[in-house]
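For reference, the chains in residue letters:
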Amino acid sequence: MSTSTEPTNSASTNQDLIGRAELNDLEAILSVSAPDVDEAIRVVKDNSDAIFTWDYEKGSRPALNKLYEKAKVSMWNGETDLPWDTVVDQEQVAKDNMALGSFGDVDLRHTPFANWGDDEWMNLGMEFQNWSLSQFMHGEQGALICTAKIVETVPWIDAKYYASTQVMDEARHVEVFAKYLDTKLNGHYPLNPHLGLLLEDIIGDSRWDMTYLGMQIMVEGLALAAFGFMHQMTTEPLLKQLLRYVMSDEARHVAFGVLSLKEYYADLSDAEMFERQEFAFEAAVRMRDRFMQQEVWERMGLKPKEVLPLLIENPNRLLFQQMLFTKIVPNCKKLGLLNRNDGWLRHKFEELGVIQFEDLTDTSDEYQAFALGDAELSASAASLSA
């Protein structure tokens, strides 16, 4: 661990951090591709050491112990607690979510969409739905691997205990998203390359807290916000209940990251915090870039470079992308990441257009609001004992 008290590499530019000078350089964003898109297995180097602890005092970190006890009684069964016999109307699911990919009032004359009819727009909506749920599924597998890594690398027994419950949660999430995509929709999309690069960065970093920061705060934080929007918009009962159950877990997961890192980051030097600030910014950009959905446009026979400038012009689309950071920004503030080193990350979030969310309630204070109700837990318990 560095002992410097001054931030290193303080002159880092966007070019240094994300490989391009301009955040909205479409050419650079679309140049990122996945080399193993057709492979069923992806190997990522994990550079971390496994840490044993012989301090078994349970409850020395009361907030983490509370999360652990909550997790024990909040388990649900993805196979029996969801109404899988529901007949899903894919077109209705697509209609519910088309607003997320619409062009609003953009003039589409003299564009590739000029001659599109209802069938083409409906197909696009279904592809958007499949793509979104596919990336959630891939992200949940990333969380499964990262949380297993947290069990291995975090030095506190209370954190190991809680992280072990999250491993089970994430396995359940991958299971239900995969089943929904494969049995109710038309299968799934491959991993988006921007999300893939972020998962590689998170898994490849040797420092245990970077796994927390990348996955628990950034990836899971954005997922929690996105699940909330989709849950609010959809009228499809199976998807709505699936998202409700997943959100109840995800809120605990993000709170786990905030509670763990708040203690650890309080003792880091400015130089060490600067490295975390840079990592958070890179993660934020990669997650934003993945919502360009270039795989959808290619599957629809369109050229992303011709389509995306039209979408980017739509203020409703921009607002949706910004709202995905409603959990990330207040959590970063709670961890002290916004204002250390002369507010470096604050300025970067201003550049991204998301700093306005900093005073929203952080997840460590609101996670219980997402908890399953007594009736929901009773139904889950009944299914487990049946």
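Above this text you will find the structure in question.
Our subject in this report is the structure included herewith. (Residues numbered from 1 in each chain as written. Predicted model: local features only at pLDDT ≥ 70, side-chain atom pairs only at ≥ 80, totals over all residues. Heavy atoms only, no water.)

### Considerations on the packing of helix H8 (residues 208–233) against helix H9 (residues 237–265)
The angle between the axes and the distance between the axes are what describe a pair of packed helices.
Then comes step 1: Contact geometry for H8 and H9: axes closest at 8 Å, N-to-C directions at 150 degrees. Compared by their axis directions, H8 and H9 come out roughly antiparallel. Pair H8 / H9 crosses with left-handed handedness. (Axes fitted to C-alpha atoms, helices over the stretch in contact; angles between N-to-C directions. Helix = DSSP H or I, 4+ residues; strand = E, 2+ residues; numbered from the N terminus. Parallel < 35°, antiparallel > 145°, perpendicular 65-115°, else oblique. Left-handed = near helix turned anticlockwise from the far one by under 90°.)

### Thoughts on the pattern of salt bridges
Then comes step 1: Counted by the stated rule, this structure contains 28 salt bridges.
Then comes step 2: One salt bridge connects aspartate 289 with arginine 288, and the closest N-O pair in it is separated by 3.3 Å. As far as the burial class goes, aspartate 289 and arginine 288 line up, both buried.
Then comes step 3: Where salt bridges share partners, they join Asp205, Arg207, Asp209, Glu275 and Arg276 into one cluster. (Salt bridge = Lys/Arg side-chain N within 4 Å of Asp/Glu carboxyl O. Buried < 20%, exposed > 50% of the residue type's maximum accessible area, 1.4 Å probe, protein only.)

### Looking at a negative patch on the surface
Then comes step 1: On the surface, Asp89, Glu91, Asp118, Asp119 and Glu120 cluster together to form a negatively charged patch.
Then comes step 2: With three residues, helix H5 (residues 118–153) is the single largest residue contributor to the negative patch.
Then comes step 3: Relative to the assigned elements, aspartate 119 resides in helix H5. (Patch = residues over 30% accessible without salt bridge, like charges linked within 9 Å, V, L, I, M, F, W, Y side chains within 5 Å. Areas by Shrake-Rupley, 256 points an atom, 1.4 Å probe, with all protein chains shown as cover. Lys, Arg positive; Asp, Glu negative; His and termini not counted. Charge placed at Lys NZ, Arg CZ, Asp CG, Glu CD.)

### A few points about helix H13 (residues 315–323)
Then comes step 1: Among the residues of H13, Arg317, Phe320, Gln321 and Gln322 are the ones counted as buried.
Then comes step 2: In the core, the buried residues of H13 are packed alongside H8, helix H10 (270–290) and helix H12 (304–312). (Contact = heavy atoms within 4.5 Å.)

### Things to note about the state of the cysteines
Then comes step 1: As enumerated under the stated definition, the model contains zero disulfides in all.
Then comes step 2: Its sulfur unpaired, cysteine 146 is 16 Å from the next cysteine sulfur, which belongs to cysteine 332.
Then comes step 3: Taking relative accessible area as the criterion, cysteine 332 reaches 0% and is therefore assigned buried. (Disulfide = S-S within 2.5 Å.)

### Details of helix H3 (residues 62–72)
Then comes step 1: When we look at burial in H3, the residues that qualify are Leu64, Asn65, Leu67, Tyr68 and Ala71. Across the axial projection of H3, the buried residues extend over an arc of 155 degrees, all falling on one side.
Then comes step 2: Contact partners of the buried residues in H3: helix H6 (157–183) and H9. (Arc of directions from axis to C-beta.)

### Details of the packing of aromatic side chains
Then comes step 1: Per the stated rule, a full pass over the model turns up 20 aromatic pairs.
Then comes step 2: A centroid spacing of 4.6 Å and a plane angle of 55 degrees characterise the contact between tyrosine 162 and phenylalanine 256, whose relative ring orientation is tilted. One end of the pair, tyrosine 162, is in helix H6; the other, phenylalanine 256, is in helix H9, with 94 residues separating them in the sequence.
Then comes step 3: According to the relative accessible area criterion, tyrosine 162 is buried, its value standing at 0%.
Then comes step 4: Phenylalanine 256 gets classed as buried once you look at its relative accessible area, which sits at 0%. (Phe/Tyr/Trp six-rings, centres within 6.5 Å; stacked < 30°, edge-to-face > 60°.)

### Regarding the side chain of arginine 276
Then comes step 1: Residue placement: arginine 276 occurs in helix H10.
Then comes step 2: Given a relative accessible area of 3%, arginine 276 falls into the buried group.
Then comes step 3: Side-chain polar atoms of arginine 276 contact the side chain of aspartate 209, separated by 2.8 Å. (Polar contact = N/O pair within 3.5 Å; in protein donor to acceptor, adjacent residues only side chain to side chain.)

### Quick look at a nonpolar patch on the surface
Then comes step 1: A cluster of nonpolar side chains, contributed by Phe52, Trp54 and Tyr56, occupies part of the molecular surface with about 480 Å² of accessible area.
Then comes step 2: Within the secondary structure, tyrosine 56 sits in the loop between helix H2 (26–30) and H3.

### As for the nonpolar core
The nonpolar side chains of a soluble globular protein tend to be buried, and buried together.
Then comes step 1: In this structure, Tyr180, Trp297 and Phe349 are the most contacted members of the largest nonpolar core, which totals 115 residues.
Then comes step 2: The element best represented in this core is H8, accounting for 16 residues.
Then comes step 3: Dropping the residues within four chain positions of it, phenylalanine 349 is found in contact with Ala284, Ile328, Val329, Cys332, Leu338, Val354 and Ile355. (Core = buried A, V, L, I, M, F, W, Y, C linked by side-chain atoms within 4.5 Å.)

Structural measurements only, silent on function.
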